[in-house]
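Reading the structure
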Amino acid sequence: MKYFYILILLLASTIGFSQTVNIHGIVLDSLTREPLIGVTIKAKATIGGQSQADGHFKLALPEGHYILQISYTGYIQKQIPIQIQKQELSELIILLQRQSKALNQITISGSRFEKRIAEEVVSIEVIKLNYILNTANNQVDDALQRVPGVDVIENQVNIRGGAGWSYGAGSRVLVLVDDMPMLTSDAQDAKWDFLPLENCEQIEVLKGASSSLYGSSALNGVVNFRTGFAKSKPITKAMIYNGMYGNPPEKNWKWWGKQQPNFNGGYLMHAQKIKQWDLVLGTAWFSEDSYLQGDLNRRGRTNMNLRHQFKKVEGLIAGVNTNIQLNKSQTFFFWEPSDTGRLKPYGGLADSTTTINKNQGLRFNIDPYITYQTATGSKHTLRTRFFRSRNRIPEKKQSSIADSYYGEYQFQKKFEASNKWYSDFNIIGGLVNNYSHIIGELYGNHTTNNTAGYIQFEKKFIKKLWTSLGMRYEINAVDTYRVERKPVFRAGLNYELAQATFVRWSWGQGYRYPSIAERFVSTSFGASRVFPNTSLQSETGWSSELGIKQGFKLGSWSGLVDVAAFWTEYKNMMEFNFGIHDVPKDSAITLANINNYLGFKSINVGTARITGLDISIAAQGKISKAESRVILGYTYMNPIQVNPDSIIMANISGTTNTLKYRYNHSFKLDWENSYQGAILGLSCFYNSFMKNIDEVFQNSKPKQNFYGLLFEAGSHIPSSVDTFRKQYNKGTLLFDARLQVKLSSQIKIGFVVKNVLNQIYAERPAILGPLRNFTIQLFAEL
């Protein structure tokens, strides 16, 4: 017992002679003076902490001399000597300087933690908000068209040829808002106009299969829309814009009188810190009477981000994000197949015959969340979401309500101890559940339930080599009788070969469960029907790439070049095919009843392969006295059907086995110059001719596929599509131009012209792309 008392006395004396002293500080960006969250501050290998949401940190250190080591992704490391004495130090103000912008942009989507884009094992593109707004894009899919390797065909995103056009049902690209899925639970499609551009921090586009991190629908890639939070100073931003469409090149296509088709809209956003609270409020509106007769769009949106940092529990943050939108739309589906009907709807405007869908929609989500970050580098996150998508289309009996309940717990641990085997080691793991309830006239009432667990390990060796290994296990159920289980894996490497030279390799599996719409849809449009397929199987596949990212500096110019070779394969690929379907065994097909069984049905069409090369260049520098920025991208894609049978080939309009609704070549260029408050920009887009579409829309193989003859007899659309495709078969080359002038320190005015040359083109059959249009914008920032 006496030894126990001696030990107590020794401990007490040690404490008495080695009292700890609290030091406080704040870490700020040296340029913007914004607080930095998650900065690592070390005094010794075993003593350290991280800055909180307001940039503040606190360490308890014994008396003595220390060298504080401050490190943060994308910033230059800093060392500060300090002397700890008995009295508490005054608050330290630490300013960190950003590294080179080109190679040190910070993303989260590739690894699910903050990481330099140059060190990612996959190709990632980042779009900043100013670029989106300056180019007069009022919804996200318009902005995605400007990303190298990304194409959008009537609201459906296609990354490196991995997807085409599937009539609005199903997506091979997963859309996220703040790391949580935002595809509707019925059709699994993206509502691009719902995403709050007025509160956008940046958009990250991850190219390639990413199902091990994000689950189903990430087969072709991920678009992660990231919202922002209040900064140290309150800010209010506003923009209003007005635009109109010009006349078509063919005068007899013009259906309007003196009043040109037009559009207008705007947004208002306010962000402010109020003690421990961060508040962002936004609202936006849009109204369009389209160049397509009968096509219109009206929408209004309001959103809020609210976050609270708990003062008594360091590292604890709780918040809620919410967004609500009401919209009214009339959607143009097929053109009128006459010489003067390219901008008029098939079936006219009468409710009994028109192919225009009239929809009154509601979109609403509320996302409560909580995070807790410890001083030792552990982070716990609980994200939840309720998302409702409602469509009212009573005239066509196509109304639906789709509710989704999402929850995810995620754990992250960063090990940064120096000279240890586990230094620069990151673990990310999580559990996910997504339950949906769908009520729909199109496809009946259904429930889905998705449960998943995932884990990923990332380790940096010899300060140059990042390694990544991850897996996910999914359980997916539809109603009470359809259950699928699927494990998927990914692996990747990134090696800093030389200064500003990064070589990467990645391989990842992907999959996509059929959407409720693809499995159960039963409807009609125009002269065609759409049939359900309850036996539809899931798509599976993998994607791999080998790439190099090289930074450069030439005189006043600096930037980076990125080159990536890619290979993607799909098995059991799902596509809508036209034919005779669901004929009862005791019935015979006659000319009188054939239309009851003729139409589209989603089926598994076998194996697909997409190979190609993706090249992008981003640079900035000076031309004379003007600051100049260039973004250039070229993508070669070879998307093919592997060993297609005669039925598949008969449903493809051309003679090659190229997948439908894909391009072989895509080129994009954006060049912007700024001088004394004025900005002049030019954009260029080129897509090669789309070799193959659905044969039924062109009636190009009447001997192999008589369905085109039937569709022609019932609608006369195929002959008009065939004539158009033969005339406009050299690909599509579009130019946009913009001018912005700063009127004062708070007000700017912009003028944008899209499709400057007024080119005629079609993204998909029987609908024309936008004519030349003009937009004037007024920006204010207070």
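Predicted, not measured: the structure shown is a model, and the values here were computed from it.

1. Notes on the overall build of the protein chain
Scanning the protein chain from N- to C-terminus turns up eight helices and 42 strands. Expected size for 782 residues packed as a compact globule is a radius of gyration near 28 Å; at 28 Å, the protein chain falls within 12% of this value. The principal-axis extent of the C-alpha atoms belonging to the protein chain is close to 105 × 65 × 45 Å. Scored against the burial criterion, the 782 residues of the protein chain give a buried share of 55%. For the protein chain, long-range pairs separated by at least 24 residues make up 65% of all intrachain contacts whose partners lie at least 6 apart in sequence.

2. Concerning a nonpolar patch on the surface
A surface patch of nonpolar side chains, amounting to about 960 Å² of accessible area, comprises Ile 240, Leu 268, Trp 285, Leu 680, Leu 739, Val 741, Leu 743, Ile 747, Phe 751, Ile 776 and Leu 778. Looking at the nonpolar patch, the elements that each hand over two or more residues are strand E40 (732-742), strand E41 (747-754) and strand E42 (773-781). Relative to the elements of secondary structure, Leu 268 occurs in strand E18 (residues 262-274).

3. Structural notes on the pairing of strand E7 (residues 92-96)
Here E7 shows a buried face lined by Leu 92, Ile 94 and Leu 96 and an unburied face lined by Ile 93 and Leu 95. For strand E1 (residues 20-29) and E7, the ladder comprises five bridges, and the chain directions are parallel. Each residue of the ladder has a partner; that of Val 27, found in E7, is Ile 94.

4. Brief notes about the pattern of salt bridges
The full count for this structure, using the stated rule, is 42 salt bridges. In this structure, Glu 125 and Lys 207 form a salt bridge, with 3.3 Å as the shortest nitrogen-oxygen distance. Within this pair, whereas Glu 125 is found in strand E10 (residues 124-128), its partner Lys 207 is found in strand E15 (residues 202-207), the two being separated by 82 residues in sequence. Assigned by exposure class, Glu 125 and Lys 207 land together as buried.

5. Quick word on the environment of Leu 316
Turning to its location among the elements, Leu 316 is positioned in strand E21 (residues 316-331). Since its relative accessible area comes to 17%, Leu 316 is described here as buried. As a C-alpha pair, Leu 316 and His 380 span 64 residues in sequence and 9.5 Å in three-dimensional space.

6. Remarks on the side chain of Arg 172
Note on placement: Arg 172 falls in the loop between strand E12 (156-159) and strand E13 (173-177). A distance of 3.0 Å separates a polar atom in the side chain of Arg 172 from the backbone oxygen of Met 574.

7. What about the pairing of E40?
Bridge count between strand E39 (residues 678-687) and E40: ten bridges; the pairing is antiparallel. By the bridge assignment, Leu 682 is partnered in E40 with Ala 737. Relative to E41, E40 runs antiparallel, the two being bridged by six bridges. Bridge pairing links Arg 738 to Val 752 in E41. Two successive antiparallel strands, E40 and E41, enclose a turn made up of four residues.

8. Details of helix H7 (residues 707-715)
Taken together, the buried positions of H7 are occupied by Tyr 707, Gly 708, Phe 711, Glu 712 and Ser 715. The buried residues of H7 occupy an angular sector of 140° when projected down its axis, which confines them to one face. In this fold, the buried residues of H7 make contact with strand E31 (528-531), strand E34 (574-580), strand E35 (598-604) and helix H8 (717-727). Downstream of H7 by a residue or two, His 716 has a phi angle that is positive, lying close to 65°.

9. Looking at the nonpolar core
When a protein is soluble and globular, its nonpolar side chains tend to lie buried together. Membership of the largest hydrophobic core comes to 111 residues, with the highest contact counts inside it found for Leu 144, Trp 192, Ile 203 and Phe 697. The dominant element in this core, judged by the number of residues it contributes, is E13, at five residues. The contacts of Leu 144, once residues within four sequence positions are left out, are Ile 127, Val 150, Val 152, Val 157, Trp 192, Ile 203, Val 205, Val 223 and Lys 668. Membership of the second largest hydrophobic core comes to 21 residues, among which are Val 39, Tyr 66, Leu 68 and Leu 92.

10. Regarding unusual backbone geometry
Even without being glycine, Ala 136 reaches a positive phi, approximately 60°. Within the element layout of this structure, Ala 136 appears in the loop between helix H2 (129-134) and helix H3 (140-144). Of note, Glu 154 is a non-glycine position whose phi angle comes to about 45°, a positive value. As for its placement among the helices and strands, Glu 154 is situated in the loop between strand E11 (150-153) and E12.

11. Topic: H8
For H8, the set of buried residues is Ile 717, Pro 718, Ser 720, Val 721, Asp 722, Phe 724 and Arg 725. Buried residues in H8 make contact with H7.

About the thresholds
- Residues numbered from 1 in each chain as written.
- Predicted model: local features only at pLDDT ≥ 70, side-chain atom pairs only at ≥ 80, totals over all residues.
- Heavy atoms only, no water.
- Helix = DSSP H or I, 4+ residues; strand = E, 2+ residues; numbered from the N terminus.
- Rg over C-alpha atoms; globule rule 2.2 N^0.38 Å.
- Buried < 20%, exposed > 50% of the residue type's maximum accessible area, 1.4 Å probe, protein only.
- Contact = heavy atoms within 4.5 Å.
- Patch = residues over 30% accessible without salt bridge, like charges linked within 9 Å, V, L, I, M, F, W, Y side chains within 5 Å.
- Areas by Shrake-Rupley, 256 points an atom, 1.4 Å probe, with all protein chains shown as cover.
- Salt bridge = Lys/Arg side-chain N within 4 Å of Asp/Glu carboxyl O.
- Pairing = 2+ DSSP bridges.
- Polar contact = N/O pair within 3.5 Å; in protein donor to acceptor, adjacent residues only side chain to side chain.
- Arc of directions from axis to C-beta.
- Core = buried A, V, L, I, M, F, W, Y, C linked by side-chain atoms within 4.5 Å.

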